[in-house]
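Structure at a glance
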Amino acid sequence: MDLKNYASMDPVMLMSIINMKLRDEFASLEDLVRYYDIDRETLCARLADAGFTYLEDAKQFR
C-alpha cells in the first residue's frame, strides 16, 4: 500500500495501515516516514485530528 496519498485517506484506515506497517515492516515511526518520504509531524497531526495519538512505547497509534 502506497502512503503517498495519506492526506486524503480515511483517518481510521490510515491509522490501521500505519499500525500494521509498524508491526510488520518497520522498526520505528521514523523508519516508516523516511521510507515513504512523509513528514512525521503532518502525519501525526492528521491522525491526532481524528483522535489518535502515537504511543512510542507501544509503537502504534491509538
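Everything in this summary refers to the structure shown in the same document.

So, how was this worked out
All chains use their own residue numbering, which begins from 1 and follows the written sequence. Under the rules for a predicted model, residues below a pLDDT of 70 receive no local features and side-chain atom pairs below 80 are neither given nor counted, while totals for whole chains, interfaces and linings still include all residues. In computing side-chain properties, one takes all heavy atoms of the structure into account and sets aside hydrogens as well as water. As a rule, the C-alpha atoms of each element are fitted with a line to give its axis, helices using only the stretch in contact, and angles between N-to-C directions run from 0 to 180 degrees. The numbering of helices and of strands both runs from the N terminus, where a helix is a DSSP run of H or I of at least 4 residues and a strand a run of E of at least 2. Should an angle lie under 35 degrees it is considered roughly parallel, over 145 roughly antiparallel, and from 65 to 115 roughly perpendicular; all remaining angles are considered oblique. Whether two residues are in contact is decided by their heavy atoms, any of which lying within 4.5 Å being enough. With a 1.4 Å probe rolled over the protein chains alone, any residue whose accessible area is under 20% of its type maximum counts as buried; one over 50% counts as exposed, and the rest are partly exposed. Each C-beta atom gives one direction from the helix axis, and the arc is the one those directions make. Here, nonpolar core means buried Ala, Val, Leu, Ile, Met, Phe, Trp, Tyr and Cys residues that are tied together by side-chain atoms lying within 4.5 Å of each other. Pairs of N or O atoms are called polar contacts if they sit within 3.5 Å, as long as, within protein, a hydrogen donor faces a hydrogen acceptor (for residues adjacent in sequence, only side-chain-to-side-chain pairs).

1. Here we look at the packing of helix H2 (residues 29–36) against helix H3 (residues 40–49)
Following both chains from N to C, one finds H2 and H3 inclined at 110 degrees, their axes separated by 10 Å at the closest point. One way to sum up the angle between H2 and H3 is to call them roughly perpendicular. Of the residues in H3, those in contact with Leu29, Glu30 and Val33 of H2 are Arg40, Leu43 and Cys44.

2. Things to note about H3
When H3 is considered as a whole, its buried residues turn out to be Leu43, Cys44 and Leu47. Along the axis of H3, the buried residues cluster in a sector spanning 95 degrees; they form a single face. Away from its buried face by more than 90 degrees, H3 exposes Glu41 and Asp49. Turning to H3, the residues buried within the fold contact helix H1 (11–24), H2 and strand S2 (60–61). Taken from the residues just after H3, glycine 51 is the one with a positive phi, measuring 95 degrees.

3. Things to note about the nonpolar core
Formed by 20 residues in total, the largest nonpolar core has its most connected members in Leu3, Leu14, Ile18, Leu29, Leu32, Leu43 and Phe61. Of all elements in the fold, only H1, H2 and H3 reach the threshold of two or more residues within this core. Apart from the residues within four sequence positions on either side, leucine 29 is in contact with Leu22, Arg40, Leu43, Cys44, Tyr54 and Phe61.

4. Brief notes about unusual backbone geometry
Although it is not a glycine, aspartate 37 sits at a positive phi angle of roughly 55 degrees. Here aspartate 37 shows up in the loop between H2 and H3. Positive phi outside glycine occurs at lysine 59, with the angle close to 55 degrees.

5. Some points on the environment of lysine 4
Considering the arrangement of structural elements, one finds lysine 4 in the segment before H1. For lysine 4 and alanine 48, which are 44 residues apart along the polypeptide, the C-alpha to C-alpha distance reads 18 Å. Not counting residues within four places of it along the chain, the set of residues in contact with lysine 4 comprises Tyr36 and Asp37. Of note is the side chain of lysine 4, whose polar atom sits 2.8 Å from the backbone oxygen of tyrosine 36.

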